[in-house]
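Residue-level listing of the chains:
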Amino acid sequence: MLELTTTLTSLHVLYLIGVIVILFVMVMRRDTPIVCILFLFLLGLTATGTLSGGIQTVFNASLYAAKEFMEIIATIALITALSKCLSDLGSDYLMMKPLSRIMCSSSVTWWILGITMLLFSLFLWPSPSVALVGAIMLPLVIKKGLNPLAAAMAMNLFGHGIALSYDFVIQGAPAISAAAAGINTQEILTTGAPLFITMGVVTVTAAFLLNRKSMDNIPMTLHDFSNKGLQKENASHEENPVSKESAAPNRAALPLAIFTPLAFLGDILLMFLFDLKGGDATSLVSGTATLLMVLGSVLGFSFKAPEKVTDYLTHGFLFAIRIFAPVILIGAFFFMGGEGITSILGEQYQSGIMNDWAIWLAGKAPLNRYMAAALQMVIGALTGLDGSGFSGLPLTGALSHTFSLITGGSVPVFASLGQITAIFVGGGTIVPWGIIPVAAICNVSPTELARKNLIPVLIGFACTFAVACVLI
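The following refers to the structure shown. Fair warning: this is a prediction, and the values are worked out from it, not measured in the lab. The residue numbering used here restarts from 1 in each chain and proceeds along that chain's sequence as written. Local features in this predicted model are restricted to residues whose pLDDT is 70 or higher, and side-chain atom pairs enter the listing and the counts only when it is 80 or higher, whereas totals over whole chains, interfaces and linings include all residues. Hydrogens and water molecules were not included; the side-chain quantities draw on all heavy atoms of the structure.

## Some words on the side chain of His12
Part 1 of the reasoning: Note on conventions: DSSP H or I runs of at least 4 residues are helices, E runs of at least 2 residues are strands, and numbering of each starts at the N terminus. Tracing the chain through its elements places His12 in helix 1 (residues 10-27).
Part 2 of the reasoning: A distance of 3.0 Å separates a polar atom in the side chain of His12 from a polar atom in the side chain of Thr9.
Part 3 of the reasoning: The contact rule is simple, with two residues in contact once any of their heavy atoms fall within 4.5 Å. Not counting residues within four places of it along the chain, the set of residues in contact with His12 comprises Thr7, Ile353, Asp356 and Trp357. As used in this structure description, the phrase polar contact means that two N or O atoms lie within 3.5 Å; if the pair is within protein, one of them must be able to donate a hydrogen and the other to accept it, and residues adjacent in sequence are counted only when both atoms belong to side chains.

Right, here's the structure in full:
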């Protein structure tokens, strides 16, 4: 049985104040990095007791966050580089032409994109799926008139929401929850199935109904869209990059249009054959994208290929860094709430601040089955604020066993509730620092995407809780 006691210090109180202030600033639609920097300094000052320690914490936390995000930054940069190459050659249009016939409206396009993301994510996990689906499908859905923000919602809710929270194929999340709860993984997948299905169906349906009138967008290519901000800056110095490069040699368009999906299908086969998951799968997709970009440059631009490759890489990394620059500081603060605190402040801090708050809250609240279910969802959401989702699963899994002993409720139901909220929040769909890959691929604001997702996800939580009250 998990011991529901922990000692809270001034560091815990200061961190909670920081979370509240940051959330308030977000609600006010203002940028939050300045607040994150201030509270990083105050946390470092409180933890070390020295001015130099506070100053160093700002840098150490930022460096830790940059390292954690580096894989995503590189993936986004390389996929963007490939996307620009395919757009210049005209291969993106040829690849998506067969699908364009069934994408007769923005609503149909939204569901096709979401379901495709769900299927890829179930077998590959969302991170590599974002790269694959973004590289292959996103140019078409944007060109067909789907708003990029709506496209990001579909990819995010179906992938990092439904697929990652249920995860019945790879079974990474339920395996962690089950191990901590002392039950079999299959118990979570079967007993908790009504909860996962309710959460998924209600959330995506609510998202569609609430946003279907605003899904249309002026058709444009992904290259147009990803360059939108850069073109504004360079409009007075350069001619439009799209029109300038539209006359580029296109003899490589058809070969690249055929070989690109085949190469990514080969990646999927290798993932199955060699059981590649997570970072290994993402690196395979990213490396393939890089090689395809080089191949397209050589076939399409011959002697100009070295310069084109440099241009594409520069464009890709400029785009990725432009997206991630503020997020690194935001992530630095929230990593302090999880396991990152050990790397940032030292070995004397072994437990994440938000985990300590969750345990304290569980020990103080009066418990019956329904209160315990609500508390499990709150704790799962709290642990997800670090933007991980998986970091809180050992805690929610252990709490599900404890809550069952205290109230007589179902362990799999408690575990499923914690898993759903931890991953939907931190995995993630409603914290900006947890949804960067999708936001970056679609070139939308992570904060705006989080706001769009918030109400549908909260509706999903409410309906899932109602179903849990019946099952528990």
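The rest of the description comes next.
## With respect to unusual backbone geometry
Part 1 of the reasoning: The residue Ser302 is not glycine, and still its phi comes out positive at about 45 degrees.
Part 2 of the reasoning: Structurally, the position occupied by Ser302 is in the loop between helix 16 (278-301) and helix 17 (305-335).
Part 3 of the reasoning: Throughout, exposure labels follow a simple rule: accessible area from a 1.4 Å probe, protein chains only, divided by the maximum for the residue type, with under 20% read as buried, over 50% as exposed, and the rest as partly exposed. Under the relative-accessibility criterion, Ser302 is labelled partly exposed at 36%.
Part 4 of the reasoning: Its identity is not glycine, yet Asn443 carries a phi of approximately 55 degrees, on the positive side.
Part 5 of the reasoning: Examined against the element boundaries, Asn443 turns out to sit in the loop between helix 23 (436-442) and helix 24 (446-471).
Part 6 of the reasoning: With relative accessibility at 14%, the residue Asn443 sits in the buried group.

## Brief notes about the packing of aromatic side chains
Part 1 of the reasoning: Working definition: rings of Phe, Tyr and Trp (its six-membered ring) pair if their centres are within 6.5 Å, and the pair is stacked with planes under 30 degrees apart, edge-to-face with planes over 60 apart, and tilted otherwise. Across all of its chains, the model carries twelve aromatic pairs by this definition.
Part 2 of the reasoning: Relative to Phe461, the ring of Phe424 lies with its centre 6.4 Å away and its plane at 80 degrees, an arrangement referred to as edge-to-face. Pair noted here: Phe424 is in helix 22 (residues 411-429) and Phe461 is in helix 24, with a separation of 37 residues, a long-range link. Like Phe461, Phe424 is buried.
Part 3 of the reasoning: Joined through ring pairs, the aromatic side chains of Trp110, Trp111, Phe158 and Phe208 make up one cluster.
Part 4 of the reasoning: By the criterion adopted, a ring carries a charge over it if an Arg CZ or a Lys NZ lies within 6 Å of its centre and within 35 degrees of its normal. Taking NZ or CZ as reference, Lys308 lies 4.7 Å from the ring centre of Phe301, over its face.

## A closer look at the packing of helix 20 (residues 369-383) against helix 21 (residues 393-407)
Helix packing for two helices is described by the angle between their axes and how far apart those axes are.
Part 1 of the reasoning: Interaxial angle, 0 to 180 degrees, is taken between N-to-C directions of lines fitted to C-alpha atoms, where a helix line uses only the stretch in contact. Interaxial distance between helix 20 and helix 21 falls to 11 Å at its minimum, and their mutual angle equals 170 degrees. Relative to helix 21, helix 20 is oriented roughly antiparallel. Listed contacts from helix 21 to Arg369, Ala372, Leu375, Gln376, Ile379, Gly380 and Thr383 of helix 20 are Leu395, Thr396, Leu399, Ser400, Phe403 and Thr407.
Part 2 of the reasoning: Amino acid classes used here: Ala, Val, Leu, Ile, Met, Phe, Trp, Tyr, Cys and Pro are nonpolar; Asp, Glu, Lys and Arg are charged; the rest, including Gly, are polar. Its residues assigned to classes, the contact of helix 20 with helix 21 comprises six nonpolar, six polar and one charged. Convention used here: angles under 35 degrees read as roughly parallel, angles over 145 as roughly antiparallel, angles from 65 to 115 as roughly perpendicular, and any remaining angle as oblique.

## Section: the pattern of salt bridges
Side chains that differ in sign of charge can pair as their charged atoms come close.
Part 1 of the reasoning: A pair is scored as a salt bridge if a Lys or Arg side-chain nitrogen falls within 4 Å of a carboxyl oxygen belonging to Asp or Glu. Summed over the entire model, instances satisfying the criterion amount to two salt bridges.
Part 2 of the reasoning: Salt-bridge contacts for Asp88 lead to Lys84; the nearest nitrogen and oxygen are separated by 3.6 Å. Taken as a pair, Asp88 and Lys84 lie in helix 3 (residues 51-89) at a separation of four residues, close to a single helical turn.
Part 3 of the reasoning: When its relative accessible area of 6% is taken as the criterion, Asp88 is described as buried.
Part 4 of the reasoning: The salt bridge involving Arg451 is made with Glu448; its shortest N-O contact spans 3.1 Å. Of the two residues, Arg451 and Glu448 are both situated in helix 24; the distance of three residues between them amounts to about one turn of the helix.
Part 5 of the reasoning: A relative accessible area of 25% places Glu448 in the partly exposed class.

## Some points on a nonpolar patch on the surface
Part 1 of the reasoning: Any residue with relative accessible area above 30% and no salt bridge may belong to a patch, with like charges joined within 9 Å and the nonpolar Val, Leu, Ile, Met, Phe, Trp and Tyr side chains within 5 Å. Accessible areas in this description were obtained via Shrake-Rupley with a 1.4 Å probe; residue shielding takes into account the shown protein chains only. Taken together, the side chains of Tyr93, Leu94, Leu254, Ile258, Phe259, Leu262, Leu265, Leu295 and Leu299 define a hydrophobic patch exposed on the protein surface, amounting to about 810 Å² of accessible area.
Part 2 of the reasoning: Looking at the nonpolar patch, the elements with two or more residues in it are helix 4 (91-100), helix 15 (253-273) and helix 16.
Part 3 of the reasoning: In terms of residue count, helix 15 provides more of the nonpolar patch than any other element does, five residues in total.
Part 4 of the reasoning: Looking at where Leu262 falls in the secondary structure, it is placed in helix 15.

## Brief notes about the environment of Ala415
Part 1 of the reasoning: Mapped onto the elements of the fold, Ala415 is located in helix 22.
Part 2 of the reasoning: In this structure Ala415 comes out as buried when scored by relative accessible area, which is 0%.
Part 3 of the reasoning: In this structure the C-alpha to C-alpha distance between Ala415 and Ala398, which are 17 residues apart in sequence, comes to 8.2 Å.
Part 4 of the reasoning: Setting aside chain neighbours within four positions, we find Ala415 in contact with Ser177, Ile188, Gln376 and Ser400.

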